[in-house]
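# Structural overview
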Amino acid sequence: MIRDITIGQYYPAKSSIHRLDPRVKIVCTLLFLISLFVQNSILGYAIATVFLAVVIKVSKVPLKFIVRGLKAIVILLMFTVVMNLFLTKGGEEIFGFWIFHISEQGLRTSVFMAVRLIYLIMGSSLMTFTTTPNSLTDGIESLLHPLNRFHVPVHEVAMMMSIALRFIPILLEETDKIMKAQIARGADLESGNIIQKTKAMVPILVPLFVSAFRRANDLAMAMEARCYCGGEGRTKMKPLIYKNRDYMAYTVTVVYLVLIIGIGRFVPFKLWIF
Amino acid sequence: MEMVQAKELVYEYEKRDDEGNVIGMNRAVDGVDIDVKPGQFVAILGHNGSGKSTLAKHINAILVPTGGTMWVNGVDTKNPDELMHVRQSAGMVFQNPDNQIIGTVVEEDVGFGPENLGVPTDEIWTRVEESLKAVGMLEYRTHSPNKLSGGQKQRVAIAGVIAMEPKCIVLDEPTAMLDPNGRKEVISTVQELRKKKQVTVILITHYMEEVIDADQVYVMDGGHIVMHGTPREIFSQVKELKKYRLDVPQVTMLAEELRNRGLDIPRGILRREELVRYVTELKEKEEKSHVN
């Protein structure tokens, strides 16, 4: 089940999107998400589709990979569509039966909502597909740096994130080991209803937590031994520096955003409402 | 000047019962004196709970003595202003390879120490490259540490320490969690480094085979130094070593047994070739006496 979730995974490839500065990718993804919500027209969605398609093409990440990430939100998607479809009132009624009524407005809203959600997931998973977790953390650290003035421990949080990423596979392996050890001792993890299954997780979680704390202690010591004392006075092995292609990516995204907002304002009403 | 020097070093900690009340003091290290000269290879032996790891943590100022003094490169580790200086001059490699690698990529982990020291970016890269080359892991620089073997992970950890350019490396049971191959790999890396970079090495271990090349050996038990000398001097005293629950190398043991059975072999044989030489000499002598 965990393997189905592709959001947050990295897809190694050599594309110009992969080479972009992580800050650019984060900001541009945010702008793309905003662009999905500031407009509500077929033309607007068409532009968003073209933009997304071009970026996916350039990124060299297979579409199949990105679509697989949508599996995780299928239920949410269905729920939204059904709710919007039946509960939105307005316009002509297209279909009516007993208490179920579908209006023109409802159909429109539900389709747009579905497209919006799908693009949202595709856009943000494209960011994680093309950025290593580490540079993503670097990017977040650098973008949130101004918050330091308000005593937000930005560097520490970023360090915690990257350490967490490093330890995920180790802890997964450990979970597997503990599960096998408990099964060998007669633990039953497979049968029973959901409550019994949850209860059966306790003898796995307790040793896992104990060992995680022990690891954390060891790691803290190892970091101290290597002169770690917070973000102050630290230099970077891989500092983030904007290059020409990064400015280009910013420009392209801003042009796209202006275009999509402009359509809502200036293109005749008839064209963009339906 | 001594590289590492301890005088009447004591480390005490509070012993607590199940509810967390203090019920007494434990002495993990009790009146220890050690002297390590620059460039030496020093081994500290002892079974579990003998206080050897506690002693090692003093050299890196992770622990500060509760009594006595520890000097590293001429600096008292008790001085909080010199903490970073001490940690930079004495790097430390720990037992568990998984729990001391911080980076998600090999080269980033090696760069972690220099980053903390505030080394300029360009120099970090040269240091990382040199350190990885020194431990023979340069081709793995962009790999994830999770995919490496135990021995390789320890070599990365060693590279991470070397990148800080320390004068002394403390290895706290670096091979305890490795298979025999990994153990060999790590120890030969350390030997190689000693030759190339003339760093002082302090190796804490309970594998006797790893200490036969040491300049001096300390044996610890119950927080005290109970034996001190060259490996040959130490391994001559098989009975005493057994008392401290330490095993001598197999060859030394065999030589000792042969000696007990009346063969004329000296004490403290450390290598297989040595024993073979003595035995063949004996045999030749015997053959000669038969001919006569």
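Predicted, not measured: the structure shown is a model, and the values here were computed from it. (Residues numbered from 1 in each chain as written. Chains lettered and ligands numbered in written order. Predicted model: local features only at pLDDT ≥ 70, side-chain atom pairs only at ≥ 80, totals over all residues. Heavy atoms only, no water.)

### Regarding the interface of chain A and chain B
The interface is formed by 28 residues belonging to chain A together with 37 residues belonging to chain B. Of all residues in chain A, the largest losses of buried area upon contact with chain B belong to R166(A), R226(A) and M237(A), amounting jointly to 32% of the total for that side. For the pair chain A and chain B, the number of links is five salt bridges. Between D109(B) and R226(A) there is a salt bridge, with its nearest N and O atoms 3.6 Å apart. The interface formed by chain A and chain B includes 18 residue pairs in polar contact (both at pLDDT 80 or more). Mapped onto the side of chain A that touches chain B, the elements with two or more residues apiece are α8 (154-184) and α9 (194-225) of chain A. (Contact = heavy atoms within 4.5 Å. Buried area = accessible area lost by both parts, 1.4 Å probe. Salt bridge = Lys/Arg side-chain N within 4 Å of Asp/Glu carboxyl O. Polar contact = N/O pair within 3.5 Å; in protein donor to acceptor, adjacent residues only side chain to side chain. Helix = DSSP H or I, 4+ residues; strand = E, 2+ residues; numbered from the N terminus.)

### Side note on helix α6 (residues 180-197) of chain B
Residues and elements named next belong to chain B. Here α6 contains 18 residues, and its C-alpha end-to-end distance of 26 Å stays within 8% of the 26 Å for a straight helix at 1.5 Å per residue. All of the buried residues along α6 are G182, V186, I187, T189, V190, Q191 and L193. On its buried side, α6 packs onto β3 (41-45), α4 (121-134), α5 (150-162), β7 (168-172) and β8 (200-205). In the segment just after α6, Q198 is the residue with positive phi, at about 55°. (Expected span 1.5 Å × (residues − 1). Buried < 20%, exposed > 50% of the residue type's maximum accessible area, 1.4 Å probe, protein only.)

### Focus on helix α3 (residues 42-59) of chain A
All names here are of chain A. For α3, with 18 residues, the first-to-last C-alpha span of 25 Å sits near the 26 Å given by 1.5 Å per residue. Along α3, the residues classified as buried are G44, Y45, I47, A48, F51, L52, I56 and S59. For α3, the angular spread of the buried residues around the axis is 165°, confining them to a single face. Set apart from the buried face of α3 by more than 90 degrees, the exposed residues are V50 and K57. (Arc of directions from axis to C-beta.)

### Some thoughts on the domain arrangement of chain B
Residue and element names in this part refer to chain B. Here chain B is described as being made up of domain 1 (4-233) and domain 2 (249-292). For domain 1 versus domain 2, the distance between C-alpha centres works out to 37 Å. Each partner contributes to the interface: domain 1 provides six residues, whereas domain 2 provides six residues. Counting each side, the surface lost to burial between domain 1 and domain 2 is near 580 Å², with a carbon and sulfur contribution of 54%. On the surface where domain 1 and domain 2 come into contact, there are two salt bridges. Residue R271 is joined to D213 by a salt bridge in which the shortest nitrogen-to-oxygen separation is 2.4 Å. (Domains from an automatic or database assignment.)

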